[in-house]
Amino acid sequence: MPRKRKLLAQLSALQSNSSFPPFDALENLNATPDGDSSPKSSKYFAIEKKKFSQLEDDFFNQPCISLAKSFLGQILVRKLPDGRELWGRIVETEAYLGGEDEASHSKGGKQTQRNAAMFMKPGTLYVYQIYGIYFCVNVSSQGEGAAVLLRSLEPLQGLDAMRELRSASKKGPTKLLKDWQLCNGPSKLCQAFGIDKAFDQRDLTQDAAIWMAPGHDLPGEQDVVATTRIGIGNRGEWAQKPLRFYLRGNKFVSVVDKKREREMAAMGHFSCS
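Residues numbered from 1 in each chain as written. Predicted model: local features only at pLDDT ≥ 70, side-chain atom pairs only at ≥ 80, totals over all residues. Heavy atoms only, no water.

Draft legend 1. Fine view of the overall build of the chain. Helix and strand counts for the chain come out as 6 helices and 8 strands. The secondary structure elements of the chain, listed N-terminal to C-terminal, are α-α-α-β-β-β-β-β-α-α-β-β-β-α. Within the chain, buried positions represent 51% of all 273 residues. In the chain, once contacts between residues fewer than 6 apart in sequence are set aside, the share between residues at least 24 apart is 66%. For the chain, the computed accessible surface area is about 13,100 Å², with 51% contributed by carbon and sulfur atoms. (Helix = DSSP H or I, 4+ residues; strand = E, 2+ residues; numbered from the N terminus. Buried < 20%, exposed > 50% of the residue type's maximum accessible area, 1.4 Å probe, protein only. Contact = heavy atoms within 4.5 Å. Areas by Shrake-Rupley, 256 points an atom, 1.4 Å probe, with all protein chains shown as cover.)

Draft legend 2. Representation of unusual backbone geometry. Phi at Tyr131 takes a positive value of approximately 55 degrees, unusual for a residue other than glycine. Residue position: Tyr131 is located in the loop between β3 (125–130) and β4 (134–140). Within the chain, Gln201 stands out as a residue other than glycine whose phi angle is a positive 75 degrees. In this structure, Gln201 sits in the loop between α5 (186–192) and β6 (210–213). Judged by relative accessible area, Gln201 falls into the partly exposed class, the value being 36%.

Draft legend 3. Broad picture of the packing of aromatic side chains. A complete count under the given rule lists 4 aromatic pairs for this structure. Between the aromatic rings of Tyr126 and Tyr128, the centroid separation amounts to 5.3 Å while the plane-to-plane angle is 40 degrees, which identifies the pairing as tilted. Neither residue differs from the other here; Tyr126 and Tyr128 are each classed as buried. Taken together, the aromatic side chains of Phe59, Phe60 and Phe71 make up a single cluster linked through ring pairs. The residue whose ring lies beneath Arg202 is Phe199, and the NZ or CZ to ring-centre distance is 4.0 Å. The ring of Tyr96 is capped by Arg229, whose NZ or CZ atom sits 4.5 Å from the centre of that ring. (Phe/Tyr/Trp six-rings, centres within 6.5 Å; stacked < 30°, edge-to-face > 60°. Lys NZ or Arg CZ within 6 Å of the ring centre and 35° of its normal.)

Draft legend 4. Seen up close, helix α4 (residues 159–168). Along α4, the residues classified as buried are Leu159, Ala161, Met162, Arg163 and Arg166. Elements in contact with the buried residues of α4: β2 (85–96), β5 (147–157) and α5.

Draft legend 5. Focus on the pattern of salt bridges. Evaluated as defined, the whole model comprises 15 salt bridges. Note that Asp82 and Arg84 form a salt bridge whose closest N and O atoms lie 2.8 Å from each other. On the accessibility criterion, Asp82 (40% relative accessible area) is partly exposed. According to the relative accessible area criterion, Arg84 is buried, its value standing at 9%. Notably, a salt bridge pairs Arg229 with Asp101, separated by 2.7 Å at the nearest N-O pair. Highlighted residues: Arg229 in the loop between β7 (224–227) and β8 (244–247) and Asp101 in the loop between β2 and β3, separated in sequence by 128 residues. Arg229 sits in the buried class, given a relative accessible area of 5%. Through salt bridges that share partners, Glu92, Glu94, Arg151 and Arg244 make up one connected network. (Salt bridge = Lys/Arg side-chain N within 4 Å of Asp/Glu carboxyl O.)

Draft legend 6. Representation of the nonpolar core in the model. Of all hydrophobic cores here, the largest spans 50 residues; its most connected members are Phe60, Phe71, Leu150, Phe193, Ile195 and Met212. If sequence neighbours within four positions are ignored, Phe193 has contacts with Leu76, Arg78, Leu86, Trp87, Gly88, Leu153, Met162, Leu165 and Cys183. Within the second largest apolar cluster, 12 residues are counted, among which are Tyr96, Met118, Phe119 and Cys136. (Core = buried A, V, L, I, M, F, W, Y, C linked by side-chain atoms within 4.5 Å.)

Draft legend 7. A nonpolar patch on the surface, seen in detail. Together, Tyr131, Ile133 and Tyr134 make up an exposed nonpolar region whose accessible area comes to about 380 Å². When you line up the elements, Tyr134 lands in strand β4. (Patch = residues over 30% accessible without salt bridge, like charges linked within 9 Å, V, L, I, M, F, W, Y side chains within 5 Å.)

Draft legend 8. Seen up close, the pairing of β7. Here β7 shows no split at all, with Val224 and Ala226 on one side and Val225 and Thr227 on the other all buried. Of the strand pairs in this sheet, β7 and β8 are connected by 4 bridges, and their pairing is antiparallel. Within β8, the position partnered with Val224 by the bridge is Leu247. (Pairing = 2+ DSSP bridges.)

Draft legend 9. Representation of the environment of Asn138 within the structure. Among the secondary structure elements, Asn138 is positioned in strand β4. Counting along the chain gives 21 residues from Asn138 to Ala117, while the straight-line C-alpha distance between them is 9.2 Å. Not counting chain neighbours up to four residues away, the residues in contact with Asn138 comprise Thr124, Leu125, Tyr126, Tyr128, Ala147, Val148 and Leu149.

Draft legend 10. Local environment of the pairing of β6. Residues Ile210 and Met212 point to one face of β6 and Trp211 and Ala213 to the other, with burial holding for every one of them. As paired strands, strand β1 (residues 75–79) and β6 are joined by 4 bridges and run antiparallel to one another. Directly across from Arg78, in β6, lies its bridge partner Ile210.

Interpretation in functional terms is not warranted from these geometric data alone.
Below, the structure written as structure tokens:
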């Protein structure tokens with residue numbers, strides 16, 4: 001079955017099992033403030049106006065590496081102040097294991113005002129700034145000071161709003177971003193979803209502006225590539241550990257490791273494509 005038809009069929013099945021009523025009051029959820037009600041969803045995934053169930057505490061309460069893998073295929077949802085909702089399927093993550101991890105902000109068990117969210121209950125957002133202008137979003141897990149970085153999303157709904165938010169962060173005229181360029185990197189997805197420092201220490205199970213919904217087309221182990229993390233510099237053996245996870249063959253991933261994919265295929269993890 002073609003990808004689009006398969007996703008639509010799975011979405012329909014998921015929505016029919018949802019315990020949430022349809023929110024008729026948001027009939028114009030995707031309409032822009034000027035009244036334009038033209039479709040704003042990705043051509044790869046049609047979202048109807050019914051809220052999915054939400055991932056709860058027990059989902060987030062798992063070890064860091066397990067959570068990083070479990071995030072793949074789940075859906076990050078962001079509700080904007082004007083009522084529009086942005087949806088993105090998580091396709092790439094990185095695990096940061098806390099005290100022992102030389103690449104972690106909490107290495108050595110160091111707790112500061114900046115990284116306090118890493119020590120809070122699993123499911124707490126840790127948002128930090130890089131280069132003084134960009135943001136990255138992480139989610140705390142089990143383990144002292146452990147958290148998962150969200151690296152890339154596959155945009156599903158609200159793509160026009162994502163483009164507006166990405167453009168607003170740049171000076172001067174900008175080129176129209178293609179779908180795959182909207183959220184293929186940790187700072188890009190924060191721009192596209194309007195996530196900044198104000199989201200630090202928010203609880204994904206309690207917040208009205210950001211949460212996670214369960215994906216229905218979840219990957220198996222054979223679909224996941226495990227490779228080294230990006231941009232962590234010289235961290236000795238920790239720079240070589242396979243703590244980045246992404247969906248093989250997904251064009252929304254930020255950086256593909258073809259060498260690692262060939263190695264995993266040779267070991268029988270998945271067939272070479």
